[in-house]
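For reference, the chains in residue letters:
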Number of protein chains: 2
Amino acid sequence: MEQKNRLDVAPGTVRPGGRTAKVRAAVLAATGEALVGEGFHGLNMDRVAAAAGVGKTTVYRRWSTTAGLVADLLRDMAEQSVPASDTGSLAGDLRANALLVLKTLTDPRMGPVFRSVISAAACSDECAQALGGFYATRIAAWTPVVERGVERGEAPADTDAAEVVRAVSAPLYYRFAVSHEPLAEADAHRAADVVLAALAAGAFGARAPEPGVNAAPTGTD
Amino acid sequence: MEQKNRLDVAPGTVRPGGRTAKVRAAVLAATGEALVGEGFHGLNMDRVAAAAGVGKTTVYRRWSTTAGLVADLLRDMAEQSVPASDTGSLAGDLRANALLVLKTLTDPRMGPVFRSVISAAACSDECAQALGGFYATRIAAWTPVVERGVERGEAPADTDAAEVVRAVSAPLYYRFAVSHEPLAEADAHRAADVVLAALAAGAFGARAPEPGVNAAPTGTD
């Protein structure tokens, strides 16, 4: 899995690109390893520099803070994210997407990385922006899948493609990061089934004016 | 809003219950205030004790760690969570649920509290368990809404009620905690619309054996 291999890059491993690219690769690999091991709040610039075999001054000058390291790791993950699937059917592609999200969140290395960056984003605006950027990139990569489905007549013409992509991921991330419930393959299939059924019913179409909802509820749970 | 008032409780305010309950109320109120102001990693036992007007030794003895404070705040929030709505229709109740989640996550005080506890849960097993417990309580409080809908013939008999409740919240939490995208009332209505459409199509029913999915996708985004 690309990003897993990405994290497997040993400090100093030669990757395409010049010295700058190699330094970035080693530092981001060490950052990923540290996130897996200690989480965002255990992240330490000096230890990352040492693990990467890169001078501290280089790391401080180029990334400034641990939030800067996480933000750049997220940019790198976005750059490296695999292309969206093209199975020939919207159902097949959305199911593949759900299984890909499941595989990532349950991966022994990527799971902890995502847990850490989601936590980092809750306490650092820089990380929040970078995480938002990661998902914006991912959503943009998968919207053509929905658009092809619309062209094939598998979804209504006014379907909000980005909303469809978000909706496939949302229930899996909810269990992973919010309710902390187990994630199984059945959850990925359910996520795809629910979205496909809602799509067929036009629930992802441009929204009509809100139905009058009797008195907004009070309370905050 | 109950939990908002809950956080508004000034240190030392008299609440029902004896001294122990008053101490807990003051300490949890101070914990909530601190989470709003500084987040989980800014949480400090001594400052919480001072803000609550409670002796440090009491706070350390009773809550041990900042994770212990957050875990107890979550238990308190679960105990205080408002009853599920009963508008008379499943559509009305699920829409009310979506609007309630939206209202909570966009509340200027509860929003930061939830952001902080989600972050805390990513780095503390104790907080993760407490957060899981909070959502288990919330899901249990709302499943009867779905069961009443089933009894009224508004959803198939084999509907997985807990999955329906999770599915209403998931897209809102996804924007809030994962993709860091804006949350608007339209998102709550969409969440309800999607779930209602999928329900009608039986997508929340007991799952049939998995459709053979051509080779699980590789890659990890």
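Residues numbered from 1 in each chain as written. Chains lettered and ligands numbered in written order. Predicted model: local features only at pLDDT ≥ 70, side-chain atom pairs only at ≥ 80, totals over all residues. Heavy atoms only, no water.

Colleague: So what exactly am I meant to see when it comes to the overall build of chain A here?
Modeller: Counting secondary structure elements, chain A contains 10 helices and 0 strands. The burial tally for chain A puts 56% of its 221 residues in the buried class. For chain A, the share of sequence-separated contacts (at least 6 apart) that also reach a separation of at least 24 residues comes to 68%. Surface summary for chain A: the accessible area is close to 8400 Å², and the carbon and sulfur share equals 54%. (Helix = DSSP H or I, 4+ residues; strand = E, 2+ residues; numbered from the N terminus. Buried < 20%, exposed > 50% of the residue type's maximum accessible area, 1.4 Å probe, protein only. Contact = heavy atoms within 4.5 Å. Areas by Shrake-Rupley, 256 points an atom, 1.4 Å probe, with all protein chains shown as cover.)

Colleague: Mind showing me how you'd approach the packing of helix α5 (residues 66-80) of chain A against helix α8 (residues 125-151) of chain A here?
Modeller: Angle between the axes and distance between the axes: these two values describe a pair of packed helices. All names here are of chain A. Look at α5 against α8: their axes get within 9 Å of each other, and the N-to-C directions meet at 5 degrees. The orientation of α5 with respect to α8, classified from their angle, is roughly parallel. Contacts between α5 and α8 involve Ala67, Gly68, Val70, Ala71, Leu74, Met77 and Ala78 from the first element and Glu126, Cys127, Ala130, Leu131, Phe134 and Thr137 from the second. For the contact of α5 with α8, the per-class residue count stands at 10 nonpolar, 2 polar and 1 charged. (Axes fitted to C-alpha atoms, helices over the stretch in contact; angles between N-to-C directions. Parallel < 35°, antiparallel > 145°, perpendicular 65-115°, else oblique. Nonpolar A, V, L, I, M, F, W, Y, C, P; charged D, E, K, R; others polar.)

Colleague: Help me understand the packing of aromatic side chains in this model?
Modeller: Here the distance between the centres and the angle between the planes together describe a pair of aromatic rings. One pass over the full model with this rule turns up 10 aromatic pairs over all chains. With 5.6 Å between their ring centres and 65 degrees between their planes, Phe114(B) and Phe134(B) make a pair best called edge-to-face. Placement of Phe114(B) in helix α7 (residues 110-123) and of Phe134(B) in helix α8 (residues 125-151) is noted, with a sequence separation of 20 residues between them. A single burial state applies to Phe114(B) and to Phe134(B), both of which are buried. Among the aromatic side chains, those forming a connected cluster through ring pairs are Phe114(A), Phe134(A), Tyr135(A), Tyr173(A) and Tyr174(B). Directly above the ring of Phe176(B) sits Arg115(B), whose terminal nitrogen or CZ lies 4.1 Å from the centroid. (Phe/Tyr/Trp six-rings, centres within 6.5 Å; stacked < 30°, edge-to-face > 60°. Lys NZ or Arg CZ within 6 Å of the ring centre and 35° of its normal.)

Colleague: Which parts of the structure should I look at to understand empty space enclosed by the protein?
Modeller: Regions of empty space are outlined by a rolling probe, equal in size to a water molecule, passed over the atoms. Under the criterion given, the structure shown has 4 cavities of 30 Å³ or more. As a volume, the largest cavity reaches approximately 330 Å³. Counting only elements with at least two residues in the lining of the largest cavity, the list comes to α9 (161-178) and α10 (185-200) of chain A together with α9 (161-178) and α10 (185-200) of chain B. Broken down by element, the residue count for the lining of the largest cavity peaks at 8 residues, all from α9(A). Residues of the lining of the largest cavity, tallied by class, amount to 17 nonpolar, no polar and 10 charged. Within this model, the second largest cavity holds a volume of roughly 40 Å³. Residue lining of the second largest cavity: Arg115(A), Ile118(A), Phe176(A), Ala177(A), His180(A), Ile118(B) and Ala122(B), and that is the complete set. (1 Å grid on protein atoms, 1.4 Å probe; cavity = no way out; pocket = protein on both sides within 12 Å on 5 of 7 lines; lining within 4 Å. Points joined across faces, edges and corners; volume = space filled by probe spheres on them.)

Colleague: Can you walk me through the layout of surface pockets in this structure?
Modeller: By volume, the largest pocket amounts to about 300 Å³. Lining the largest pocket are 22 residues, and of these Arg115(A), Ala121(B), Ala122(B), Cys123(B) and Ser124(B) sit closest to its centre. Among the elements of the structure, α2 (19-38) and α7 (110-123) of chain A together with α7 and α8 of chain B are those that each provide at least two residues to the lining of the largest pocket. Partitioned by chemical class, the residues of the lining of the largest pocket number 8 nonpolar, 11 polar and 3 charged.

Colleague: I tried to follow the confidence of the model for chain A on my own but got confused; where do I start?
Modeller: In low-pLDDT regions, the fine details of the predicted coordinates are not to be read closely. All names here are of chain A. For chain A, per-residue confidence averages 87 on the pLDDT scale, and residues scoring 70 or more make up 86% of the total. Here residues 1-14 is a poorly scored stretch, pLDDT under 50, and it has 42 contacts once near neighbours within four places are set aside; other chains count. Segment residues 212-220: pLDDT under 50, and 22 contacts once partners within four positions in sequence are set aside and those in other chains are kept. Interface confidence for the predicted complex, given as ipTM, is 0.85, next to a pTM of 0.86. (pLDDT = per-residue confidence, 0-100.)

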